[in-house]
Amino acid sequence: MSGSGIGAGLPTWPTVDHEKFGPVERQPLSRIQKISGGNLTRNWLTIPHVTNFDKADVTGLEEFRKELNGANKDAKVTMVAFLIKASALALKAYPRFNASLDGDELVLKNYVHVGFAADTPKGLMVPVLRDCDRKGVLEIATEMRALADKARGSGLSAADMQGGCFSVSSLGGIGGAGFTPIINAPEVAILGAGRSAMEAIWDGDAFQPRLIMPVSLSWDHRVIDGVAAARFLGHISALLGDFRRAIV
């Protein structure tokens, strides 16, 4: 097992002479990829993951998003800003998701800080937005953009990535009908979102074209059960389907 870096009684990593089968190139991993790779491996091996899937009708929300951007020239509101706000409200409604395991105790947090996955040339980073439950979507969008710019410019500090209660990862701008994100320990759940697509939805009288976003929730089965996860994800989907619920 020496040098395998696996542990947990697993077999050693296979040693292969790749050049034997054809020409290859070697490219070193970035520092960020090395750090995140180790953390992701730890999280996947030590957290009993379960993932729920759902769909959110974001037809009206997408129209509202475009209206916001049209009325606020300095703002660039993405769907991720709404995902973060909806997640923050769901964390307030279901406090067990806003928690961390500490030995035999569950630490329930009285603050709501949400991290979001930011793609950078050097690898994936997760900046954290503070007090998302107290902020509007425009403020969240503005802070998101600033943090994402810092991440891409290598200006993100360690403090910018600490204190998260929950994470949001969206592939909506790239594609995919769904995925199972890995929980960002010591958090107990993470939200994933795929690319929205038009679907024919039956309204009781006829099929109507609606913009549907696939969403997923990976959760720690030591802390959360399936019923709670279904309700939490359903709460987020309902908010995305009618964001007027966010002010009730």
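This text goes with the structure placed above it.
All of these numbers come straight from a predicted model, not from anything done at the bench.

About the cut-offs
- Here, residues in each chain are numbered from 1, in the same order as that chain's written sequence.
- Per-residue local features are limited, in this predicted model, to residues with pLDDT of at least 70; the limit for side-chain atom pairs, both in listing and counting, is 80 or more; totals at the level of whole chains, interfaces and linings are taken over all residues.
- With hydrogens and water stripped out, all remaining heavy atoms of the structure feed into the side-chain values.
- In plain words, nonpolar cores are sets of buried Ala, Val, Leu, Ile, Met, Phe, Trp, Tyr and Cys residues tied together by side-chain atoms within 4.5 Å.
- For every residue, the accessible area (1.4 Å probe, protein chains only) is compared with the maximum for its type, and the residue is labelled buried under 20%, exposed over 50%, or partly exposed between those bounds.
- Only runs of H or I of at least four residues qualify as helices and only runs of E of at least two qualify as strands under DSSP, and these elements are numbered from the N terminus.
- Within the patch definition used here, like charges are joined within 9 Å and nonpolar side chains (Val, Leu, Ile, Met, Phe, Trp, Tyr) within 5 Å, considering only residues with over 30% relative accessible area and no salt bridge.
- Note on areas: Shrake-Rupley, 1.4 Å probe, and residue coverage restricted to the protein chains presented here.
- Each reported salt bridge corresponds to a side-chain nitrogen of Lys or Arg within 4 Å of a carboxyl oxygen of Asp or Glu.
- In this analysis, strands are considered paired if DSSP registers two or more bridges between them.

1. Considerations on the nonpolar core
No. 1: Among the nonpolar cores identified, the biggest contains 54 residues, and Phe82, Ile84, Phe166, Leu217 and Leu240 are the most heavily contacted of them.
No. 2: Among the elements of the structure, helix 2 (59–71), helix 3 (79–93), strand 4 (114–116), helix 4 (137–152), strand 8 (166–170), strand 9 (189–193), strand 11 (207–220) and helix 5 (226–241) are those that each provide at least two residues to this core.
No. 3: The biggest single contributor to this core is helix 3, with eleven residues.

2. Examining a nonpolar patch on the surface
No. 1: A cluster of nonpolar side chains, contributed by Leu10, Trp44 and Leu45, occupies part of the molecular surface with about 310 Å² of accessible area.
No. 2: The topology assignment puts Leu45 in helix 1 (residues 31–46).

3. Brief notes about the pairing of strand 8
No. 1: A large share of strand 8 lies buried, amounting to four of its five residues.
No. 2: As paired elements, strand 8 and strand 9 share four bridges and run parallel to each other. Residue Ser167 lies in a different strand from strand 9, and its bridge partner there is Ile190.

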